[in-house]
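This is what each chain is made of:
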Amino acid sequence: MKPQTKTYKHVIDLYFESVPHSIRTFSVHGNTLIYIECEDYLSEHHVTEALLRLLGTSVLLSIKRNCSERLFQEIQQRYGPSMSQLELCTVMSEYEA
């Protein structure tokens with residue numbers, strides 16, 4: 001693993017602290033792509049902005065936030081079971097516990 005990649009992973013681990021997450025790095029046409037999956041954290045948009053501030057704009061980020069059963073139940077209780085699947089997905093993508 002390249003020293004710069006180790007640095008990226010260390011910074012990302014510090015950012016997420018105890019939040020469950022996984023990190024994969026790829027080299028694409030000489031650029032570093034970092035794929036991150038996290039659970040029940042801020043929206044992808046907020047995570048991307050924060051990590052780009054920490055890592056710099058020379059990396060490409062792909063963020064995926066997974067929704068745990070607990071968070072899904074919390075959203076459903078808050079917004080009601082009458083929502084359509086599309087509305088529920090939209091709320092889940094923007095929801096921040």
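Residues numbered from 1 in each chain as written. Predicted model: local features only at pLDDT ≥ 70, side-chain atom pairs only at ≥ 80, totals over all residues. Heavy atoms only, no water.

## Remarks on the overall build of the protein chain
Move 1: Broken down by element type, the protein chain carries four helices and three strands.
Move 2: Secondary structure elements in the protein chain, listed N-terminal to C-terminal, are α-β-β-α-β-α-α.
Move 3: For the protein chain, the C-alpha atoms occupy an extent of roughly 50 × 25 × 20 Å along the three principal directions.
Move 4: A burial count over the protein chain gives 31% of its 97 residues as buried.
Move 5: A separation of at least 24 residues holds for 52% of the contacts in the protein chain among residues at least 6 apart in sequence.
Move 6: Counting every atom, the protein chain has about 6400 Å² of accessible surface; 53% of that belongs to carbon and sulfur.
Move 7: The averaged location of the 12 negative side-chain charges in the protein chain is 10 Å from the averaged location of its 9 positive side-chain charges. (Helix = DSSP H or I, 4+ residues; strand = E, 2+ residues; numbered from the N terminus. Buried < 20%, exposed > 50% of the residue type's maximum accessible area, 1.4 Å probe, protein only. Contact = heavy atoms within 4.5 Å. Areas by Shrake-Rupley, 256 points an atom, 1.4 Å probe, with all protein chains shown as cover. Lys, Arg positive; Asp, Glu negative; His and termini not counted. Charge placed at Lys NZ, Arg CZ, Asp CG, Glu CD.)

## Here's the deal with the packing of aromatic side chains
Move 1: One pass over the structure, following the stated rule, counts one aromatic pair.
Move 2: Plain terms: the ring middles of Tyr15 and Phe16 are 5.1 Å apart, the flat faces sit at 80 degrees to each other, and that makes the pair edge-to-face.
Move 3: Since its relative accessible area comes to 1%, Phe16 is described here as buried. (Phe/Tyr/Trp six-rings, centres within 6.5 Å; stacked < 30°, edge-to-face > 60°.)

## Here's the deal with helix α4 (residues 85-94)
Move 1: The set of residues buried in α4 consists of Leu88, Val91 and Met92. Take α4 and look down its axis: the buried residues cluster within an arc of 100 degrees, on one side only. Seen from the open side of α4, the exposed residues pointing more than 90 degrees away from its buried face are Leu86 and Glu94.
Move 2: Buried residues along α4 sit against β3 (59-66) and α3 (69-79). (Arc of directions from axis to C-beta.)

## Remarks on the pairing of strand β2 (residues 31-39)
Move 1: Pairing analysis gives eight bridges linking strand β1 (residues 21-28) to β2, with the strands arranged antiparallel. Counted as the bridge partner of Arg24 is Tyr35 from β2.
Move 2: Hairpin connection, β1 to β2: the antiparallel pair is bridged by two residues, and His29 has positive phi, about 50 degrees. (Pairing = 2+ DSSP bridges.)

## Concerning the packing of helix α1 (residues 3-16) against helix α2 (residues 44-55)
Move 1: It is the contact of α1 with α2, at a shortest axis distance of 11 Å, that shows an interaxial angle of 135 degrees. Overall, the two elements α1 and α2 adopt an arrangement that is oblique. Read as a crossing pair, α1 and α2 show a hand that is right-handed. The residues of α2 that touch α1, namely those facing Tyr8, Val11, Ile12, Tyr15 and Phe16, are His46, Val47, Ala50, Leu51, Leu54 and Leu55.
Move 2: Looking at the contact of α1 with α2 residue by residue, the class counts come to 10 nonpolar, one polar and no charged. (Axes fitted to C-alpha atoms, helices over the stretch in contact; angles between N-to-C directions. Parallel < 35°, antiparallel > 145°, perpendicular 65-115°, else oblique. Left-handed = near helix turned anticlockwise from the far one by under 90°. Nonpolar A, V, L, I, M, F, W, Y, C, P; charged D, E, K, R; others polar.)

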